[in-house]
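Structural description and commentary
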Amino acid sequence: MEQSNKELLLKGLVSLEIEFPEEKAEKLALYGDILMETNGKFNLLGKVTENDIVVKHILDSLSGWKYVKDAKCFIDIGTGAGFPGLPLAVCLPDVKATLADATEKKIEFIKGVCGRLGLENVNPIAGRAEELAHGKMRESFDICVSRAVAGLNKLSEYCLPFVKCGGMLVAYKGPLVYDEVKEAEHAFGMLGARLEGISIVNVPFLEGERYVAKIKKQKPTNPIYPRKNAQIVKKPL
Ligand code: SAH
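This section reports on the structure supplied with the text. Only a predicted model underlies this, so the values are computations on that prediction, with no experimental measurement involved. (Residues numbered from 1 in each chain as written. Predicted model: local features only at pLDDT ≥ 70, side-chain atom pairs only at ≥ 80, totals over all residues. Heavy atoms only, no water.)

Some thoughts on the pairing of strand β2 (residues 96-101)
Quick reminder of the rule: The buried label applies to any residue whose accessible area, calculated with a 1.4 Å probe on protein chains only, is under 20% of its type's maximum; exposed applies above 50%, and partly exposed to all values in between. Helix numbers and strand numbers start at the N terminus; a helix is a DSSP run of H or I with at least 4 residues, a strand a run of E with at least 2. When DSSP finds two or more bridges between a pair of strands, those strands are recorded as paired. With the strands aimed away from the viewer, a crossover counts as right-handed if its path from the first strand over the helix to the second runs clockwise.
Burial runs high along β2: 5 of the 6 residues are buried. One ladder, built from 5 bridges, connects strand β1 (residues 73-77) with β2; its direction is parallel. Within the sheet, the bridge partner assigned to Ile-75 lies in β2 and is Thr-98. Taken together, β1, helix α4 (residues 85-91) and β2 constitute a β-α-β crossover, and its handedness is right-handed. Where β2 and strand β3 (residues 122-126) come together, 5 bridges link them in parallel fashion. Bridging from a neighbouring strand, Ala-97 pairs with Val-122 of β3. Each parallel crossover has a hand, and for β2 linked through helix α5 (residues 104-117) to β3 it is right-handed.

Structural data, given as structure tokens:
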């Protein structure tokens, strides 16, 4: 990674008040290099520059780290090339991270990254949320994070079944978050959860506003959820 982007990354970590920023910036820069190298071979992220990877992907992923730091474990649903889960796992080495995606190839990529970065707290899993959520991971995570996967009404059905009672879904969102929350209020209730709040998050060096919607799990989710994907998409809760 170019020196200027490395410096930007380090400054970003410092600005986010992340501990031991030098060693983490080092690992995240290597992740950035692997992303750039792989993106050339198969398209993981679309057209991106190194600067985009640092700001729009890595620092954006870390903007919500304070909502994850006290968890024992979290799951990232639809992690893709590893966002937001992989940067969070690098910066929170004592938290167990499960990164799930429906696409096998993306999970293979993440396994390779974990090997090269020496990450021991990451469990990459290939599978669809609405299937995995009926297995042994159901209601087993303190936190679920997700970014750019679906509107909040559908996302809630994918994600909330994984969350323990008392735990939270932390959904990374843009400025449409307020509309999405209104539209999803009914889904939260049906899934045993309620809106805890919306927070504006700071993404160093990014123009434009970023938010997290925090949805708190209050009681177990009815075992009929999540439904099959066709139903989730056709008739969101
Ligand atoms: N979160 C990443 C990727 C977003 S793209 C980021 O912010 O960059 C959406 C990803 O979600 C894709 O990789 C897709 O395979 C995955 N996905 C979509 N629906 C899913 C589902 N129901 N279960 C698991 N993964 C899903």
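Remarks on the side chain of Arg-138
Rules: When charges are counted, neither His nor the chain ends are considered; positive counts come from Lys and Arg and negative counts from Asp and Glu. What makes a salt bridge here is a side-chain nitrogen of Lys or Arg within 4 Å of a carboxyl oxygen of Asp or Glu, nothing more.
One can find Arg-138 in the loop between α6 (129-132) and β4 (141-147). No salt bridge is formed by the buried Arg-138, whose closest oppositely charged neighbour, Glu-139, lies at an N-O distance of 4.7 Å.

Considering the site of the ligand
Put simply, the rule reads: By convention in this text, a residue qualifies as near a molecule or strand provided that one of its non-hydrogen atoms is within 4 Å of it. Under the rule applied, a polar contact is a pair of N or O atoms within 3.5 Å (in protein, one hydrogen donor and one hydrogen acceptor; residues adjacent in sequence only if both atoms are side-chain atoms). Here the open area of atoms and residues is found with the Shrake-Rupley method and a 1.4 Å probe, where only the protein chains shown may cover a residue. Here the nonpolar group is Ala, Val, Leu, Ile, Met, Phe, Trp, Tyr, Cys and Pro; Asp, Glu, Lys and Arg are the charged ones; every other residue, Gly included, is treated as polar.
Surveying the vicinity of the ligand reveals 16 residues, the closest of which are Gly-78, Phe-83, Asp-101, Ala-129 and Arg-147. Measuring from an oxygen atom of the ligand, one finds a side-chain N or O atom of Lys-106 at 3.0 Å. Within the complex, 81% of the 570 Å² of free accessible area of the ligand lies under protein. Of the residues in the shell around the ligand, the class split is 6 nonpolar, 5 polar and 5 charged.

Focus on the packing of aromatic side chains
Here is the rule: Two rings from Phe, Tyr or Trp (for Trp, the six-membered ring) form a pair when their centres sit within 6.5 Å of each other. Planes less than 30 degrees apart are called stacked, planes more than 60 degrees apart edge-to-face, and all others tilted.
All chains considered together, the criterion is met by 3 aromatic pairs. Between Tyr-31 and Phe-83, the aromatic rings sit 5.6 Å apart at their centres with planes inclined by 45°, giving tilted as the arrangement. In this pair, Tyr-31 is assigned in helix α2 (residues 21-41) and Phe-83 in the loop between β1 and α4, connecting sequence segments 52 residues apart. Like Phe-83, Tyr-31 is buried. Pairing Tyr-178 with Tyr-211 gives two aromatic rings, centres 5.7 Å apart and planes at 80°, and the pair type is edge-to-face. Here Tyr-178, found in helix α8 (residues 177-190), pairs with Tyr-211, found in strand β7 (residues 210-217); they are 33 residues apart in sequence, far enough to count as distant.

Section: the state of the cysteines
Two cysteines joined by a covalent bond between their sulfur atoms form a disulfide. This is how the line gets drawn: The disulfide criterion used throughout: a pair of cysteine sulfur atoms within 2.5 Å.
Applying the stated criterion to the full structure yields 0 disulfides. The closest cysteine sulfur to the non-disulfide-bonded Cys-91 is located on Cys-114, 14 Å from its own sulfur. In this structure Cys-159 is a free cysteine whose sulfur lies 3.6 Å from that of Cys-144, the closest cysteine sulfur available.

Topic: the pairing of β1
β1 sits mainly inside the fold: 5 of its 5 residues count as buried. The alternating pattern of β1 places Cys-73, Ile-75 and Ile-77 and Phe-74 and Asp-76 on opposite faces, both of which are buried. For β1 and β4, the ladder comprises 3 bridges, and the chain directions are parallel. Its bridge partner being in β4, Asp-76 is matched across the sheet by Val-145.

Details of the sheet that holds β2
How we decide: Geometry is summarised by axes, namely lines fitted to C-alpha atoms with helices restricted to the contacting stretch, and by angles between N-to-C directions that run from 0 to 180 degrees.
With respect to topology, 7 strands assemble into an open sheet ordered β3-β2-β1-β4-β5-β7-β6, the strand pairing being mixed. Since the sheet does not close on itself, it has two edges, and those belong to β3 and β6 (193-201), each with one partner. For this sheet, the mean inter-axis angle between neighbouring strands, taken without regard to orientation, is 20°. Taken together, the 6 bridges between β4 and strand β5 (residues 163-173) define a ladder with parallel strand orientation.

Details of the environment of Ala-129
Cut-off, in case you're wondering: In what follows, residue pairs with any heavy atoms lying within 4.5 Å of each other are defined as contacts.
Topologically, Ala-129 is positioned in helix α6. By relative accessible area, Ala-129 is classed as buried at 9%. Among all residues touching Ala-129, those that are not within four sequence positions of it are Ile-77, Tyr-158, Phe-162 and Pro-226.

Comments concerning the packing of helix α1 (residues 3-15) against α2
Keep this limit in mind: Oblique is the label for any angle not under 35 degrees, not over 145, and not in the 65 to 115 range, which are roughly parallel, roughly antiparallel and roughly perpendicular in turn. For a crossing to be left-handed, the near helix must be turned anticlockwise from the far one by less than a right angle; the clockwise case is right-handed.
Running from amino to carboxyl end, α1 crosses α2 at an angle of 135°, the nearest separation of the two axes being 9 Å. In terms of their interaxial angle, α1 and α2 are classed as oblique. Relative to α2, α1 is oriented so that their crossing is right-handed. Across from Lys-6, Leu-9, Leu-10, Leu-13 and Val-14 in α1, the residues of α2 making contact are Pro-21, Glu-22, Lys-24, Ala-25, Glu-26, Leu-28 and Ala-29. Its residues assigned to classes, the contact of α1 with α2 shows 8 nonpolar, no polar and 4 charged.

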